Amino acid sequence: METMIKKKIKEVKKGDQSAFEDIVSFYQNKVYHICYRMIGNAYEAEDLAQEAFIRAYTNIHTFDEKRKFSTWLYRIATNLTIDRIRKKKPDYYLDAEVRGTDGLDMYSQLAADQALPEEEVESLELQTYIHREILALPPKYRSVIVLRYLDELPLQEIAEVLDIPVGTVKTRVHRGREALRKRLRHV
């Protein structure tokens, strides 16, 4: 798949805009999920994902083809999201929850024939609570927790996305887990 993406990038660099549409189609859900899990607001996540693709398109000439495109794109999305978090007033969207059934597809799917409705509700409430607690973490811990545990990226790729050493990633993952554990100790 990476070979196909590299081919599309070469086409984009030559001026083929339709090739970038294919790249967007391939990565749009992943970029949206990264933004959503960090910002906690679906509309802002859509805006941030769109902005990430615009930035990637306008700066495609700076992309080093020896590296993975996904890492470069995720880094753009993560940096934009962190910038938005820093610019927001504290607690502005902390209580903005997904209403109704919005967001149910953001969590792991539960098998309908195995869990009772009460268990599904309890599980969803717990996931919502944990996600809210992740959103309450400081941005430097939140970003590594999201990338490591929700997006399941390896430590090396997280280091590349955030442009920090792997040792720093390990430290932030550890401290972020500890902070989250303290916030969730009564659950």
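Residues numbered from 1 in each chain as written. Predicted model: local features only at pLDDT ≥ 70, side-chain atom pairs only at ≥ 80, totals over all residues. Heavy atoms only, no water.

A. Spotlight on the overall build of the chain. For the chain, the helix and strand inventory stands at eight helices and zero strands. Counted from the first residue to the last, the chain has its helices and strands arranged as α-α-α-α-α-α-α-α. Relative to its 187 residues, the chain shows a buried fraction of 37%. The contacts in the chain between residues at least 6 apart in sequence include a share of 65% that link residues at least 24 apart. As displayed, the chain offers around 11,500 Å² of accessible surface, 49% of which is attributable to carbon and sulfur atoms. (Helix = DSSP H or I, 4+ residues; strand = E, 2+ residues; numbered from the N terminus. Buried < 20%, exposed > 50% of the residue type's maximum accessible area, 1.4 Å probe, protein only. Contact = heavy atoms within 4.5 Å. Areas by Shrake-Rupley, 256 points an atom, 1.4 Å probe, with all protein chains shown as cover.)

B. Focus on the packing of helix H7 (residues 155–162) against helix H8 (residues 166–183). Direction vectors running N to C along H7 and H8 enclose 105 degrees, while the axes themselves pass 9 Å from each other. Put simply, H7 runs roughly perpendicular to H8. Contact with H7, carried on its side by Leu155, Gln156, Ile158 and Ala159, involves Val166, Val169, Lys170 and Val173 of H8 and no other residues of that element. When its residues are assigned to classes, the contact of H7 with H8 shows six nonpolar, one polar and one charged. (Axes fitted to C-alpha atoms, helices over the stretch in contact; angles between N-to-C directions. Parallel < 35°, antiparallel > 145°, perpendicular 65-115°, else oblique. Nonpolar A, V, L, I, M, F, W, Y, C, P; charged D, E, K, R; others polar.)

C. Molecular detail of a nonpolar patch on the surface. On the surface, Leu126, Ile130 and Val187 cluster together to form a nonpolar patch covering roughly 240 Å² of accessible area. Of note, Ile130 is situated in helix H5 (residues 117–135). (Patch = residues over 30% accessible without salt bridge, like charges linked within 9 Å, V, L, I, M, F, W, Y side chains within 5 Å. Salt bridge = Lys/Arg side-chain N within 4 Å of Asp/Glu carboxyl O.)

D. Focus on the packing of helix H4 (residues 69–87) against H7. Running from amino to carboxyl end, H4 crosses H7 at an angle of 55 degrees, the nearest separation of the two axes being 8 Å. When the axis of H4 is compared with that of H7, the two are oblique. Read as a crossing pair, H4 and H7 show a hand that is right-handed. Residues Ser70, Thr71, Tyr74, Arg75, Thr78, Asn79 and Ile82 of H4 lie in contact with H7, whose contacting residues are Glu157, Glu160, Val161 and Leu162. (Left-handed = near helix turned anticlockwise from the far one by under 90°.)

E. Examining the packing of aromatic side chains more closely. On inspection of all chains with the given rule, the structure shows eight aromatic pairs. Judged by centre distance (5.4 Å) and plane angle (85 degrees), the ring pair of Phe63 and Phe69 falls under edge-to-face. Grouping residues by exposure puts Phe63 and Phe69 together as buried. Ring centres of Phe69 and Trp72 lie 5.6 Å apart, and the angle between their planes is 45 degrees; on these two criteria the pair is classed as tilted. A residue pair is termed a helical-turn pair when its members lie 3 or 4 positions apart in one helix, as Phe69 and Trp72 do in helix H4 at three residues. As far as burial versus exposure is concerned, Phe69 and Trp72 are alike and both buried. By the ring-pair criterion, three or more aromatic residues cluster together here, those being Phe26, Tyr27, Phe63, Phe69, Trp72 and Tyr74. (Phe/Tyr/Trp six-rings, centres within 6.5 Å; stacked < 30°, edge-to-face > 60°.)

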